[in-house]
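# What the coordinates show
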Amino acid sequence: MVTEMLKQAFNTISDGSNLIVHSDQGWQYQHKHYQKMLKDKGIIQSISRKGNCLDNAVMENLFGLLKTELLYLQDFDSLAQFRTEWEEYFDYYNNR
């Protein structure tokens, strides 16, 4: 499931993009095949350390804000509508 998700994402991401993928320490994210797929695509893996909640505090905060400020406030009629709202939210979050 995880590698299939990566393959789908890779179709929209150019090589050497220097993107950062953040995850927890789940076994699937520690697997050598998964790590090699990221490395081959030029994606940096960020993985939280055991017992250190500060490693992923920024991402957890962002996801919490996203849910309370976007996801829970409305019902979406379609995936396209959600994507539009998501893009507008991130533009607001990052630029305003």
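These lines cover the structure that appears in this document, whether it is placed above or below. The model shown is predicted, which means the values in this text are computed figures rather than measured ones.

## Here we look at the environment of Q45
As for its placement among the helices and strands, Q45 is situated in strand β2 (residues 44-47). We classify Q45 as partly exposed; its relative accessible area is 25%. Counting along the chain gives 15 residues from Q45 to Q30, while the straight-line C-alpha distance between them is 10.0 Å.

## A word on the packing of helix α1 (residues 2-10) against helix α3 (residues 32-41)
Where α1 meets α3, the axes come as close as 10 Å, and the angle between the chain directions of the two elements is 10 degrees. For the element pair α1 / α3, the angle class is roughly parallel. Residues V2, T3, L6, K7 and F10 of α1 lie in contact with α3, whose contacting residues are H33, Y34, M37, L38 and K41.

## Considerations on the packing of aromatic side chains
Scanning the entire structure with this criterion turns up 6 aromatic pairs. When the ring of F76 is compared with that of F82, the centres are 5.0 Å apart and the planes differ by 85 degrees; the resulting orientation is edge-to-face. What makes F76 partly exposed here is its relative accessible area of 23%. Ring geometry for F90 versus Y93: centroids 6.4 Å apart, planes at 65 degrees, classification edge-to-face. With F90 and Y93 both in helix α5 (residues 79-95) and 3 residues apart, the pair spans about one turn of that helix. The buried category is assigned to F90, whose relative accessible area is 18%.

What counts, and where the lines are drawn
- Residues numbered from 1 in each chain as written.
- Predicted model: local features only at pLDDT ≥ 70, side-chain atom pairs only at ≥ 80, totals over all residues.
- Heavy atoms only, no water.
- Helix = DSSP H or I, 4+ residues; strand = E, 2+ residues; numbered from the N terminus.
- Buried < 20%, exposed > 50% of the residue type's maximum accessible area, 1.4 Å probe, protein only.
- Axes fitted to C-alpha atoms, helices over the stretch in contact; angles between N-to-C directions.
- Parallel < 35°, antiparallel > 145°, perpendicular 65-115°, else oblique.
- Contact = heavy atoms within 4.5 Å.
- Phe/Tyr/Trp six-rings, centres within 6.5 Å; stacked < 30°, edge-to-face > 60°.

In short, geometric facts, not functional conclusions.
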